[in-house]
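Fold and geometry: a report
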Amino acid sequence: MFWKHKAVQKYMEDLNKEYQTLDQCLQHISANQGDQRSLNQRHAELAPFAAIYQEIQEAEQAIEELESMCKSLNEQNEKQLQELALEEKQTIGQKINMLYSKLFQNLVPKEKYDKNDVILEVTSGRTTGGDICQQFTREIFDMYQNYSGYKHWKFELLNYTPADYGGLHHAAARISGDNVYKHLKYEGGIHRVQRIPEVGLSSRMQRIHTGTMSVIVLPQPDEVDVKVDPKDLRIDTFRAKGAGGQHVNTTDSAVRLVHVPTGLIVECQQERSQIKNKEIALRVLRARLYQQIIEKDKCQQQSARKLQVGTRAQSERIRTYNFTQDRVTDHRIAYEVRDIKKFLCGEKCLDQLIQRLLQSADEEAIIEFLDENLKSTKC
């Protein structure tokens, strides 16, 4: 079990000892006003941890006593008492799990971007099969739109470039609400599909095709977080492509922004108005620049970190959707889900996987934090 990890036990023991020492100091040692304030502050910080740790110790002691009692209850007439003891042990075990969960929530290093809104972009990959990637891209984009509704988030379409046979080349949306980035930050990466196409030219072959699409999740910054100097921008206008009537193809409403210092390029042709397209493109550009700042920050913080989940680049394959076997596999945590159609609805099944990813990343972050703590105490 995770909490039996040596580093977890050692860290909790050290925190509890520090709290007990501070408790004694505050009762018996007179200190100047500055030292007193400092000791009181640290004592208050440790109090919740110490209280939970004390509860855990008492609960584990109770389980040991119940186990000892169960071993002595071998007579047939004491069977009922033994069953009651086992039920009590199970109840206490559940309480311990709850206490550790509460403890870890306080220990997990918080990411300052978790509460941010996001810009989510999907882009179709390439395959020799033809249309499979575009169809899959549309299904994944629809899945995240449905998930936004499931979580009561606002889903604002920024860009949408359709493909043949109901597929999708590229799309972007702004998703806003409570802790959006926290829930979607591990969705970025390469999503792979394996299926026999139902529509398009490749459907005639009636064999399994493999294709990919990419998801990019960009935390949406406030304007104060990322300022773009107009002098650093090159703005091009061009005629929009795709469906939309005569207006789309006869006016230069589409906008391309080039951020000269970084070379980042953003295009938008979603709106009929050039001004609105420029606003949307600028918003996406800010998000991409913000992502660069975050990645640089993470690299500095996690230079020695090798997490399965938390540090994977958004260019790595993270998940496979095998339609012929009706299975979704997340490669980072070896998690499998049956019933792809239900998963692509973007509701409970997707949310359960996301919660597992968050739990796994939290556990890795805690272990790394505690291992680093052990190393520092040895030095």
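No experiment lies behind these values; they were computed from the predicted model shown. (Residues numbered from 1 in each chain as written. Predicted model: local features only at pLDDT ≥ 70, side-chain atom pairs only at ≥ 80, totals over all residues. Heavy atoms only, no water.)

**So, the sheet that holds strand E1 (residues 118-124)**
Pairing is mixed across the open sheet formed by 8 strands, whose spatial order is E2-E3-E1-E5-E4-E9-E10-E11. Single-partner strands in this sheet number two, and they are strand E2 (154-162) and strand E11 (335-338). Between one strand axis and the next, the sheet turns through 15° on average, direction left out of account. In this structure, E1 lies alongside strand E5 (residues 209-219), joined through 7 bridges in antiparallel fashion. Bridged to Ile 119 within E5 is Leu 218. (Pairing = 2+ DSSP bridges. Helix = DSSP H or I, 4+ residues; strand = E, 2+ residues; numbered from the N terminus. Axes fitted to C-alpha atoms, helices over the stretch in contact; angles between N-to-C directions.)

**Some remarks on the confidence of the model for the chain**
Averaged over all residues, the pLDDT of the chain equals 81, while 80% of them reach at least 70. A low-confidence stretch, residues 244-248 (pLDDT under 50), is modelled with 7 contacts involving residues beyond four sequence positions or located in other chains. Across residues 300-312, where pLDDT falls below 50, the model places 19 contacts with residues more than four positions away in sequence or in other chains. (pLDDT = per-residue confidence, 0-100. Contact = heavy atoms within 4.5 Å.)

**Let's talk about the environment of Asp 114**
Relative to the elements of secondary structure, Asp 114 occurs in the loop between helix H3 (79-107) and E1. Asp 114 sits 105 residues away from Pro 219 along the chain, and the two C-alpha atoms are 8.4 Å apart. A polar atom in the side chain of Asp 114 sits 2.9 Å from the side chain of Lys 185. (Polar contact = N/O pair within 3.5 Å; in protein donor to acceptor, adjacent residues only side chain to side chain.)

**Re the nonpolar core**
Side chains of a nonpolar character, in soluble globular proteins, are inclined to be buried together. Residues Leu 120, Ile 140, Leu 184, Tyr 321 and Phe 343 are the most contacted members of the largest nonpolar core, which totals 61 residues. Aside from chain neighbours lying at most four places away, what touches Leu 184 is Val 118, Leu 120, Tyr 144, Tyr 147, Trp 153, Ile 175 and Val 217. Within the second largest apolar cluster, 27 residues are counted, among which are Leu 22, Leu 99, Val 108 and Leu 370. (Core = buried A, V, L, I, M, F, W, Y, C linked by side-chain atoms within 4.5 Å. Buried < 20%, exposed > 50% of the residue type's maximum accessible area, 1.4 Å probe, protein only.)

**Description of the pairing of E2**
Sheet topology note: the E2/strand E3 (residues 168-176) ladder contains 8 bridges and is antiparallel. Residue Tyr 160 lies in a different strand from E3, and its bridge partner there is Ala 171. Connecting the antiparallel pair E2 and E3 is a turn made up of 5 residues, with Tyr 165 showing a positive phi of about 60°.

**A word on the pairing of strand E10 (residues 327-330)**
Covered by surrounding structure in E10 are Arg 327 and Thr 329 together with Val 328 and Asp 330, the residues of both alternating faces. Note that strand E9 (residues 317-322) and E10 share 4 bridges and pair antiparallel. Along E10, the bridge assignment pairs Tyr 321 with Val 328. Connecting the antiparallel pair E9 and E10 is a turn made up of 4 residues, with Asp 326 showing a positive phi of about 50°.

**Some words on the sheet that holds strand E6 (residues 233-238)**
Taken together, 3 strands build an open sheet; the order of strands is E6-E7-E8 and the sheet is antiparallel. Looking at the sheet topology across the chains shown, the edges are occupied by E6 and strand E8 (264-268). On average, each strand axis in the sheet is tilted by 15° relative to the strand beside it, whichever way the strands run. One ladder, built from 6 bridges, connects E6 with strand E7 (residues 254-259); its direction is antiparallel.

**Remarks on the state of the cysteines**
On inspection of all chains with the given rule, the structure shows 0 disulfides. Not part of a disulfide, Cys 345 finds its nearest cysteine sulfur in Cys 349, a span of 8.2 Å. Residue classification places Cys 345 among the partly exposed positions, given a relative accessible area of 38%. (Disulfide = S-S within 2.5 Å.)

**Some words on helix H4 (residues 132-150)**
The end-to-end C-alpha distance of H4, which contains 19 residues, comes to 27 Å, matching closely the 27 Å that a straight helix rising 1.5 Å per residue would cover. A positive backbone phi angle near 65° is found at His 152, which sits one or two residues after H4. (Expected span 1.5 Å × (residues − 1).)

**Here we look at the side chain of Thr 137**
Position of Thr 137 among the secondary structure elements: in helix H4. Residue classification places Thr 137 among the buried positions, given a relative accessible area of 0%. Here Cys 133 takes part through its backbone oxygen, which lies 2.7 Å from a polar atom of the side chain of Thr 137. If near-sequence neighbours (up to four positions away) are discounted, Thr 137 is found in contact with Val 122, Thr 123, Ser 124, Leu 168 and Met 213.

**Description of the environment of Val 226**
Of note, Val 226 is situated in the loop between E5 and E6. The exposure class assigned to Val 226 is buried, which follows from its relative accessible area of 5%. The contact partners of Val 226, leaving out residues within four places of it in the chain, are Pro 221, Arg 286, Leu 289, Tyr 290 and Ile 293.

**Digging into the packing of aromatic side chains**
One pass over the full model with this rule turns up 7 aromatic pairs. Through successive ring pairs, a cluster of aromatic residues spans Phe 136, Tyr 321 and Phe 343. (Phe/Tyr/Trp six-rings, centres within 6.5 Å; stacked < 30°, edge-to-face > 60°.)

**Digging into unusual backbone geometry**
A positive phi angle, near 60°, is found at Tyr 165, a position not held by glycine. For Tyr 165, the location among the structural elements is in the loop between E2 and E3. Of note in this structure, Asp 326 is not a glycine but carries a positive phi near 50°. In this fold, Asp 326 is placed in the loop between E9 and E10.

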